[in-house]
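One-letter residues, chain by chain:
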Amino acid sequence: MRSSRRGAGVPKYSEVFAGRLKEERQNAGMSQAELAERTSAILNVNLDASAISRIENPNSGRMIKLDEAAAAAEVLGIALSALVSNGGRIEARIAELHHKLSKQSERASGAEWEFHQAQAAMVAIEHEIAQLEEGRGDRTPGQYRQN
């Protein structure tokens with residue numbers, strides 16, 4: 001038989017998870033139904049609001065599956081570790097912020113690429129306008145150029 005290293009009065013991981021899930025869901029302004037729907041969409045399973053209610057109640061006997069926990073964390077935009085750590089909130093918050101920073105960095109890289117593509121397209125369009133205007137002879141080349 002395996003002995004537990006958790007002392008008396010220390011909440012079980014399932015209790016910590018249940019409380020943290022509810023706290024983070026409420027902080028996100030999300031209903032149990034919305035969390036269930038969005039988690040279901042990620043996992044391609046059928047979860048409903050009552051399942052989330054049972055998961056958030058550690059006395060219900062409904063244990064969350066790892067895939068459900070990871071998907072719920074993704075929906076909430078937090079690291080999974082933030083849902084199982086009560087005492088290490090700073091570490092969990094740092095992990096969450098690193099995750100968010102990574103996502104924003106990806107967005108910025110994509111936006112930068114889009115910006116350069118748009119600039120190149122603008123230069124090509126301005127060049128074609130200039131060529132067409134020169135061919136007509138009635139406008140000064142670059143008249144539409146923006147600074």
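As the structure is a prediction and not an experimental result, all values here were calculated from the model.

**Student:** Help me understand the side chain of Arg20, please; the structure alone is not making it clear to me.
**Tutor:** For Arg20, the location among the structural elements is in helix 1 (residues 13-27). The buried category is assigned to Arg20, whose relative accessible area is 5%.

**Student:** When you look at the pattern of salt bridges in this model, what are you seeing that I'm missing?
**Tutor:** For side chains of opposite charge, pairing can occur when their charged atoms come near one another. Enumeration according to the criterion identifies five salt bridges in this entry. Here Glu24 and Arg20 are joined by a salt bridge, their closest N and O atoms 2.9 Å apart. Placement of both Glu24 and Arg20 in helix 1 is noted, with a separation of four residues, approximately one turn of the helix. In this structure, Arg62 and Glu68 form a salt bridge, with 3.0 Å as the shortest nitrogen-oxygen distance.

**Student:** Would you explain the nonpolar core in this entry?
**Tutor:** Inside soluble globular proteins, nonpolar side chains tend to come together where they are buried. Among the nonpolar cores identified, the biggest contains 17 residues, and Phe17, Leu21, Leu35, Leu76, Ile78 and Leu83 are the most heavily contacted of them. For this core, the secondary-structure elements that each account for two or more residues are helix 1, helix 2 (32-43), helix 3 (49-56) and helix 4 (66-76). The element contributing the most residues to this core is helix 4, with five residues. Aside from chain neighbours lying at most four places away, what touches Leu21 is Leu35, Ile55, Glu56, Ala72, Leu76 and Leu83.

The rules behind each value
Residues numbered from 1 in each chain as written. Predicted model: local features only at pLDDT ≥ 70, side-chain atom pairs only at ≥ 80, totals over all residues. Heavy atoms only, no water. Helix = DSSP H or I, 4+ residues; strand = E, 2+ residues; numbered from the N terminus. Buried < 20%, exposed > 50% of the residue type's maximum accessible area, 1.4 Å probe, protein only. Salt bridge = Lys/Arg side-chain N within 4 Å of Asp/Glu carboxyl O. Core = buried A, V, L, I, M, F, W, Y, C linked by side-chain atoms within 4.5 Å. Contact = heavy atoms within 4.5 Å.

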